[in-house]
Amino acid sequence: MSDFVHSIHPPNFPVTAPEEDPDRLAWTGLQMGLYRASITLWENDLVQVVHPANGERPDLVEVTDSGRAALAVA
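Residues numbered from 1 in each chain as written. Predicted model: local features only at pLDDT ≥ 70, side-chain atom pairs only at ≥ 80, totals over all residues. Heavy atoms only, no water.

A few words on the side chain of threonine 64. Of note, threonine 64 is situated in the loop between strand S2 (60-63) and helix H3 (65-73). A polar side-chain atom of threonine 64 sits 2.5 Å from the main-chain carbonyl oxygen of aspartate 45. The contacts of threonine 64, once residues within four sequence positions are left out, are Asp45, Leu46, Val47 and Gln48. (Helix = DSSP H or I, 4+ residues; strand = E, 2+ residues; numbered from the N terminus. Polar contact = N/O pair within 3.5 Å; in protein donor to acceptor, adjacent residues only side chain to side chain. Contact = heavy atoms within 4.5 Å.)

Structure, rendered in structure tokens:
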């Protein structure tokens, strides 16, 4: 799921931007929020890792039965 951070919200600041650049700070905050959401989904058994990361690709995850049930209610 971590690849989605860059896919959903790619950084909009130059690579040379200092760490305290407001755009970089805003993007980092969003990035951390997306990671937090991914962890929460896993902690609540709404997704499961079906193939762990192997150095060539990130973890591959799928929705669990609990996740499907939660989506059906939403």
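Additional details are given in the paragraphs that follow.
Let's shift gears to a nonpolar patch on the surface. A cluster of nonpolar side chains, Trp42, Val49 and Val61, forms an exposed patch at the surface whose accessible area comes to about 260 Å². In this fold, valine 61 is placed in strand S2. Judged by relative accessible area, which is 30%, valine 61 ranks as partly exposed. (Patch = residues over 30% accessible without salt bridge, like charges linked within 9 Å, V, L, I, M, F, W, Y side chains within 5 Å. Areas by Shrake-Rupley, 256 points an atom, 1.4 Å probe, with all protein chains shown as cover. Salt bridge = Lys/Arg side-chain N within 4 Å of Asp/Glu carboxyl O. Buried < 20%, exposed > 50% of the residue type's maximum accessible area, 1.4 Å probe, protein only.)

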